[in-house]
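Okay, here's what each chain looks like letter by letter:
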Number of protein chains: 2
Amino acid sequence: MPAIVNQADRRDALAGRAAEIIAAGGLEAATVKAVAGAAGFSTKVVSHYFVDKRDLLLATYRFAAQSSLALARAGQPAGRADAEAHLLALLPTTPTGVRNWKVWFAFWGYAISDPEFSDEQPHQIAASEARVAELMAADPRFAHLDEPSRRQLAGDAMITVLGVALRAVFDLGAWPGARQQRLVREALAAAAPAGRVAALANEA
Amino acid sequence: MPAIVNQADRRDALAGRAAEIIAAGGLEAATVKAVAGAAGFSTKVVSHYFVDKRDLLLATYRFAAQSSLALARAGQPAGRADAEAHLLALLPTTPTGVRNWKVWFAFWGYAISDPEFSDEQPHQIAASEARVAELMAADPRFAHLDEPSRRQLAGDAMITVLGVALRAVFDLGAWPGARQQRLVREALAAAAPAGRVAALANEA
């Protein structure tokens, strides 16, 4: 059934165009017409894939989340779990990362007044925290912690990622990657001191 | 010259109404007409105080910043500087605090596509960090740190405040005040251990 595959691919491709438009011009710029124009389609074609602008926005938000998850997966070293690498890959230190955060900020500002949309934020962040906690369980640096401690540390580290991203995206000149990364590394180091990591390495 | 005083007071009162409207219904809801209606004025009167909607939005953003600064000042104990109390008072743990953060998120989402507006965010946060660093210089818990260390700690703590607020405002049920405050306290404790504070207290 290739038509179904194409439907999902086409929605993704259009959401990707919408993400670029939102990051550059805000939510108001992401009209069905503008997205259609950027993708080289008629508005009628876009309307075929999205029920309304609301549907397009939600798809774009989720596209940005998937895009950053893909970045985080690509940042994992081969053959072992690295929770820190996952968190660092979520930071706005690349053009794609910056774009994704801009889409989220635009969407969250909009979601404040929309209960259904605003539920999307804690849902996505909780999913991301769960993923980090899962990596921690398989990461020698954090595997000695019990499960509730790993979940709490994953949540705390995500708070740092959120705060750094919110600060950095509006002031990228003052927030190069190294500065962003330092704060996330420190948030993790507070719970998993280097001494402990070294000891684990010696045991291995 | 009472007319000038009234001009500033009236702008503030209208920005306060706009803040309530934005927190409840997003930026789109804050039309000149809606703000005028909420304040019991004609749109003509509102137009007298604000050049355009842009001017109204910027005034509302700054009003929210001033409102939270007032909360933080009110949270200071009498006769001594308490940097932690200042930071805790910035969290969305009160209806006014939640409203102010919602206004900022709405504004930041909007500001992404507007270079002049987006400059407002780092400017306000830097001012807030400077205020925290200033309190730290007079706070026995942090006064032993040198000035660059205090500034860095103030910046790091503000990152935590931003991250917690971003997380909590969309999920207040899961983020009661105590949970928000724990993270900020831990961010400060990492740099100023309780042992050191106790030692300072004994020296005094």
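K.L.:
Even after reading the chapter, I still don't get the overall build of chain A, so can you show me in this structure?
P.N.:
Summing up its helical and strand segments, chain A has 11 helices and 0 strands in all. If you list the helices and strands of chain A from N to C, you get α-α-α-α-α-α-α-α-α-α-α. Sequence separation of at least 24 residues holds for 60% of the intrachain contacts in chain A that already meet a minimum separation of 6.

K.L.:
Would you mind going over the nonpolar core with me for this structure?
P.N.:
Nonpolar side chains in soluble globular proteins tend to end up buried together. In terms of nonpolar packing, the biggest core is built from 117 residues, with Ala 157 and Val 161 of chain A together with Ala 157 and Val 161 of chain B touching the most fellow members. Not counting chain neighbours up to four residues away, the residues in contact with Val 161 of chain B comprise Leu 87, Leu 90, Leu 91 and Val 184 of chain B.

K.L.:
Explain the interface of chain B and chain A to me, please; I cannot follow it from the model alone.
P.N.:
Size of an interface, as often reported, equals the accessible area lost when the parts are brought together. Taken together, the contacts link 28 residues of chain B with 28 residues of chain A. With 8 residues, helix α9 (residues 147–169) of chain B is the single largest residue contributor to the side of chain B that touches chain A. Of the residues contributing to the side of chain B that touches chain A, the split by class is 16 nonpolar, 8 polar and 4 charged.

K.L.:
Would you mind showing me how to read the relation of the copies chain B and chain A here?
P.N.:
Two copies of one chain are present, and they are related through a rotation about an axis combined with an axial shift. The operation relating chain B to chain A is a screw motion whose rotation component is 180°, with 0.0 Å of axial translation and a residual RMSD of 0.0 Å. These values place the two chain copies in the arrangement generated by a two-fold rotation axis. Nearest to the rotation axis, the C-alpha of Gly 163 of chain B is located 1.9 Å from it, this being the minimum over chain B. Both copies share a contact surface, since 100% of the interface residues of chain B are interface residues in chain A too.

K.L.:
What exactly am I supposed to notice about the confidence of the model for chain A here?
P.N.:
Detailed reading of the predicted model is not advised wherever pLDDT is low. All names here are of chain A. Residues of chain A with pLDDT of at least 70 account for 91%, and the chain-wide mean is 89. Here residues 194–204 is modelled with pLDDT under 50, and outside its nearest four sequence neighbours on either side it reaches 6 contacts, counting other chains as well. If you check the scores for this complex, the pTM reads 0.89 and the ipTM reads 0.88.

K.L.:
How should I be thinking about α9 of chain B in this particular structure?
P.N.:
Residue pairs three or four apart in sequence face the same way in an α-helix, which turns once every 3.6 residues. The end-to-end C-alpha separation of α9 of chain B is 32 Å, in line with the 33 Å expected for 23 residues at 1.5 Å each. Within α9 of chain B, 17 of the 23 residues are buried, which leaves it mostly tucked inside the rest of the structure.

K.L.:
Any chance you could explain the environment of Arg 179 of chain B here in plain terms?
P.N.:
Residues and elements named next belong to chain B. Structurally, Arg 179 can be placed in helix α10 (residues 177–191). What makes Arg 179 partly exposed here is the crowd of 14 C-beta atoms within 10 Å. It is 9.1 Å that separates the C-alpha atoms of Arg 179 and Val 164, two residues lying 15 residues apart in sequence.

K.L.:
Explain the packing of helix α4 (residues 53–74) of chain A against helix α6 (residues 95–111) of chain A to me, please; I cannot follow it from the model alone.
P.N.:
Pairs of packed helices are described in terms of their axes, by the angle between the two and the distance that separates them. Residues and elements named next belong to chain A. Between α4 and α6, the least distance of the axes is 9 Å, while the angle of their chain directions is 145°. Judged by the twist between their axes, the crossing of α4 over α6 is left-handed. Packed against α4, whose contacting residues are Leu 57, Thr 60, Tyr 61, Ala 64, Ser 67, Ser 68 and Leu 71, the element α6 presents Thr 96, Gly 97, Asn 100, Val 103, Trp 104 and Phe 107 at the interface. When the residues that make up the contact of α4 with α6 are grouped by side-chain class, the tally is 7 nonpolar, 6 polar and no charged.

K.L.:
How should I be thinking about the environment of Gly 97 of chain B in this particular structure?
P.N.:
Residues and elements named next belong to chain B. Inspection of the secondary structure assignment puts Gly 97 in helix α6 (residues 95–111). Along the backbone, Gly 97 and Leu 71 are 26 residues apart, and their C-alpha atoms lie at a distance of 8.1 Å. Residues within four places of Gly 97 in sequence aside, it is in contact with Ser 68, Leu 71, Leu 91 and Pro 92.

K.L.:
Looking at this structure, how should I read helix α4 (residues 53–74) of chain B?
P.N.:
Under the 1.5 Å per step criterion, the end-to-end length of α4 of chain B is 31 Å for 22 residues, consistent within 8% with the ideal 32 Å. Taken together, the buried positions of α4 of chain B are Leu 56, Leu 57, Thr 60, Tyr 61, Phe 63, Ala 64, Ser 68 and Ala 72 of chain B.

K.L.:
Even after reading the chapter, I still don't get the environment of Leu 162 of chain A, so can you show me in this structure?
P.N.:
Here Leu 162 of chain A lies in helix α9 (residues 147–169). When neighbours within four sequence positions are excluded, Leu 162 of chain A is seen to be in contact with Gly 163, Leu 166 and Arg 167 of chain B.

Conventions adopted
Residues numbered from 1 in each chain as written. Chains lettered and ligands numbered in written order. Predicted model: local features only at pLDDT ≥ 70, side-chain atom pairs only at ≥ 80, totals over all residues. Helix = DSSP H or I, 4+ residues; strand = E, 2+ residues; numbered from the N terminus. Contact = placed C-beta atoms within 7 Å. Core = buried A, V, L, I, M, F, W, Y, C linked by C-beta atoms within 7 Å. Buried ≥ 20, exposed ≤ 12 C-beta atoms within 10 Å, placed from the backbone. Nonpolar A, V, L, I, M, F, W, Y, C, P; charged D, E, K, R; others polar. Least-squares fit on C-alpha atoms with pLDDT ≥ 70 in both. pLDDT = per-residue confidence, 0-100. Expected span 1.5 Å × (residues − 1). Axes fitted to C-alpha atoms, helices over the stretch in contact; angles between N-to-C directions. Left-handed = near helix turned anticlockwise from the far one by under 90°.

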